[in-house]
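For reference, the chains in residue letters:
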Amino acid sequence: MELRQLRYLVAVVEEGGFTRAAARLHLAQPGLSAQIRQLEKELGQPLLDRSGRSVTPTEVGRAVLPYARAALAAADGVRQAVDEHTGLLRGRVTLGLVSGSTGHAFDVAAFLADFHGAHPALEIALTEDTSERMQAALLSGEIDIALLGPTGEGTPAGLSFRTVIDAPLGAAVAPGDPLLSPAGRTTVPLTELRDRPLICLPRGTGVRAVLERGCARAGFRPRVAFEAASPQVLAQLAARGLGVAVLPLGEEGSEAGGGLRALRLAEPGLRARIVLAWPATGPASPAARALLDRLRDVLSHVAEDEGAGAAAAAAAAGQGQGQGQGQVPGSRR
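Residues numbered from 1 in each chain as written. Predicted model: local features only at pLDDT ≥ 70, side-chain atom pairs only at ≥ 80, totals over all residues. Heavy atoms only, no water.

(A) Expanded view of the packing of aromatic side chains. Per the counting criterion, the structure on display carries one aromatic pair. Seen in terms of ring centroids, Phe111 and Phe115 are 6.2 Å apart; in terms of plane orientation they differ by 20°. Their pairing is stacked. Here Phe111 pairs with Phe115, and both are found in helix α5 (residues 108-118), just four residues apart, close to one helical turn. With a relative accessible area of 7%, Phe111 lands in the buried category. In this structure Phe115 comes out as buried when scored by relative accessible area, which is 5%. (Phe/Tyr/Trp six-rings, centres within 6.5 Å; stacked < 30°, edge-to-face > 60°. Helix = DSSP H or I, 4+ residues; strand = E, 2+ residues; numbered from the N terminus. Buried < 20%, exposed > 50% of the residue type's maximum accessible area, 1.4 Å probe, protein only.)

Shown next as structure tokens:
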């Protein structure tokens, strides 16, 4: 009896058939079937019922499965103990990412390349999704760590957050838009967007959640005429005069992409955040813990840079009108 045969048995049962199990194990199906038959011959009993549309364990197979899984877990534990002793990380870790979540301040490709170079035996998976779905994936264990825009006002039960970016929400419009009057205006009340067609990120993103909560407090529902996952598309639509783009503001100037002008929404508390998120109990594996520690270190510098930029912009805004408009960054939150 070999560990690989037990692994094959567990995979066939979990996948409900040899075809899917072979694909999962990256094996040829005939070879997988032969290994299971050899295990059954050695034990003297059939472990799988192949008569139905899906393969299921026999009574003996059901009795064997807990021991097979325990043996595989013990073998993985031995390997992990050796790896921890030697400083070698193995396994797989999954990072969820809101597209462009940290703008140009954080080069995720360079970060992952450096981390992989330090831990070449570790498999790193990167997935992109809305913040709402990534929060659920963290809670279910589908992903280990995520950079996302919180969709609620507090930290969800079962998760831990560390703020990386905290930016004001603003309205980006084409030159000549009525929102820009009077000249030199730097802010706009949210109520002035009541009857305007809005251009925003889709539901499930942090920015959309913040906008909808703010409008509810102001007594109206936002009239979202266009939505897209790409901030560049939102800016292009706004530049064509199709509506007001609601996006996080940068602090680098009044000109946004495509000649758009940005006004900060006057209501307090309308801010878009990007957080580093992980299960409140901590990452499950040493690999995930190592990735989280490295992300905390790298992203702390991003937060410091963003904070310094925000403080400088606030000081400039206090010196007079015309200097408080913000740049719309290329980030989906």
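Moving on, there is more to tell.
(B) Examining the pairing of strand β3 (residues 91-97) more closely. Of all seven residues in β3, five are buried; the element is thus mostly enclosed. Sheet topology note: the β3/strand β4 (residues 122-128) ladder contains seven bridges and is parallel. Considered in β4, the bridge of Arg92 is made with Glu123. Across three bridges, β3 lies against strand β5 (residues 145-148) in parallel orientation. By the bridge assignment for β5, Leu95 is matched with Ile145. (Pairing = 2+ DSSP bridges.)

(C) Quick look at unusual backbone geometry. In this model, Ser181 is joined to Pro182 through a cis peptide bond whose omega is 0°. With respect to the helices and strands, Pro182 occurs in the loop between β6 (159-173) and β7 (187-188).

(D) The pattern of salt bridges, seen in detail. Going through the model one piece at a time under the given rule, you end up with 15 salt bridges. When the shortest N-O distance is used, the salt bridge between Arg92 and Glu123 registers 2.5 Å. Taken as a pair, Arg92 in strand β3 and Glu123 in strand β4 lie far apart in primary sequence, 31 residues in all. Take Arg92: its relative accessible area is 48%, and that puts it in the partly exposed class. Residue Glu123 is classed as partly exposed on the basis of its relative accessible area of 43%. Note that Arg133 is salt-bridged to Asp129, the shortest N-O span being 2.7 Å. Connected via shared salt-bridge partners are Glu14, Glu15, Arg24 and Arg69. (Salt bridge = Lys/Arg side-chain N within 4 Å of Asp/Glu carboxyl O.)

(E) Looking closely at the packing of helix α1 (residues 3-15) against helix α2 (residues 18-25). Closest axis-to-axis distance for the α1/α2 pair is 8 Å, and the angle between their directions is 125°. One way to sum up the angle between α1 and α2 is to call them oblique. The chirality of how α1 crosses α2 is right-handed. Taking contact as the criterion, the partners of Arg7, Tyr8, Ala11, Val12, Glu14 and Glu15 in α1 are, on α2, Phe18, Arg20, Ala21, Arg24 and Leu25. Tallied by class, the residues present in the contact of α1 with α2 amount to six nonpolar, no polar and five charged. (Axes fitted to C-alpha atoms, helices over the stretch in contact; angles between N-to-C directions. Parallel < 35°, antiparallel > 145°, perpendicular 65-115°, else oblique. Left-handed = near helix turned anticlockwise from the far one by under 90°. Contact = heavy atoms within 4.5 Å. Nonpolar A, V, L, I, M, F, W, Y, C, P; charged D, E, K, R; others polar.)

(F) Quick peek at the packing of α2 against helix α3 (residues 29-43). Packing of α2 against α3 brings their axes to within 9 Å, and their N-to-C directions diverge by 105°. Between α2 and α3, the angle falls in the class roughly perpendicular. Mapping the contact onto sequence places Phe18, Thr19, Ala21, Ala22 and Leu25 in α2 and Gln29, Leu32, Ser33 and Ile36 in α3. Grouping the amino acids of the contact of α2 with α3 by side-chain chemistry returns six nonpolar, three polar and no charged.

(G) Highlighting the nonpolar core. Membership of the largest hydrophobic core comes to 33 residues, with the highest contact counts inside it found for Leu169, Leu179, Leu190, Leu193, Leu211, Val244 and Leu265. Secondary-structure elements contributing two or more residues to this core are β6, β8 (198-200), α7 (206-218), α8 (231-239), β10 (244-248) and β11 (261-265). (Core = buried A, V, L, I, M, F, W, Y, C linked by side-chain atoms within 4.5 Å.)

(H) The arrangement of the state of the cysteines in detail. The final tally for this structure, using the stated rule, is zero disulfides. For the unlinked cysteine Cys200, the closest cysteine sulfur is that of Cys215, found at 9.1 Å. (Disulfide = S-S within 2.5 Å.)

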